[in-house]
Amino acid sequence: RLLEIEHSVIIYVVHVSGKRMMAQGTDACSRGSRNEGVMAGESMLSFVPLAESAIKRHPPLLDWIRGWTSNPDLQPLSVDDWFERAHGIIGGQKDDHGIWIPNHEKGSNLHLWTPPPALADVALEELLKARHKRTDTFHILVIPRIMTPRWRRLFFKVCDVHFPIPANKSFWPESMFEPLWVGIVLPFTFHRPWQLGRAPLVVELERELSKVFKEGGGDGRDILLQLLGLPKRLASVSKCVASALLRMPREGKVSDG
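Note that the structure is predicted; figures quoted are calculated from it, not measured.

Draft legend 1. Quick look at unusual backbone geometry. That bond from R192 to P193 is cis: its omega, 5 degrees, falls within 30 degrees of zero. The phi angle at R247 is positive, at roughly 65 degrees, despite the residue not being glycine. Here R247 lies in the segment after α10 (239-245). The exposure class of R247 is partly exposed, given its relative accessible area of 45%.

Draft legend 2. How the structure looks around the pattern of salt bridges. Evaluation of the coordinates by the stated rule reveals ten salt bridges. Note that D63 and R66 form a salt bridge whose closest N and O atoms lie 3.9 Å from each other. Here D63 pairs with R66, and both are found in helix α5 (residues 60-69), just three residues apart, close to one helical turn. Between D136 and R134 there is a salt bridge whose closest N-O contact spans 3.7 Å. By relative accessible area, which is 28% here, D136 ends up partly exposed.

Cut-off values and rules
- Residues numbered from 1 in each chain as written.
- Predicted model: local features only at pLDDT ≥ 70, side-chain atom pairs only at ≥ 80, totals over all residues.
- Heavy atoms only, no water.
- Helix = DSSP H or I, 4+ residues; strand = E, 2+ residues; numbered from the N terminus.
- Buried < 20%, exposed > 50% of the residue type's maximum accessible area, 1.4 Å probe, protein only.
- Salt bridge = Lys/Arg side-chain N within 4 Å of Asp/Glu carboxyl O.

So, in structure tokens, the structure goes:
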């Protein structure tokens, strides 16, 4: 605290993987070795990826996301897109009175958010607004597990489904060190539970996803496809059938869960 006051700076203590410390050379230096990581001439900044998104660090991650979203042309939102396109605005023009009228994108679109950990809190604040402006839009978040105290609360608040991916997959290898956190924001429904993250079926699918990645039993693509297809499936059936599909307790009764 004294250093912050004296030099007019803000100091953040960031938790990182022990394997990152070993690669950076801190672990070896404590044992007297001076030929690993930074001590061997590597750049210190290469071990501090706070300003790099997950896809910038490992581009094959985008191919994995495109696979289970069935969108081969999917591109991450830019920082500028967080404030307009993510809110459903794609340009605009002035009317005869000189008032700017925005153009709105079509419904049921999907946006991919890949903020760097240092900016994740800003992106999540915008996502909280965007999902209420366009209630029929899908959002996907991918953020490396770094600087989590700055954005973890907002991440859990906005996501209907979230799960960690350990750094041992082809699309997120061991060289990434920390796990990758993936979040999915689904469109709102027109009836109970309004937000699908509260539905027993979605909670169960989320648990299955976490189990798949924890035990290394696959890439979870079948479960992810089921989650993304759920809103469309619910829209084509009656309220009563939708409630049964989501395994919702009957109105007026308390769930056994």
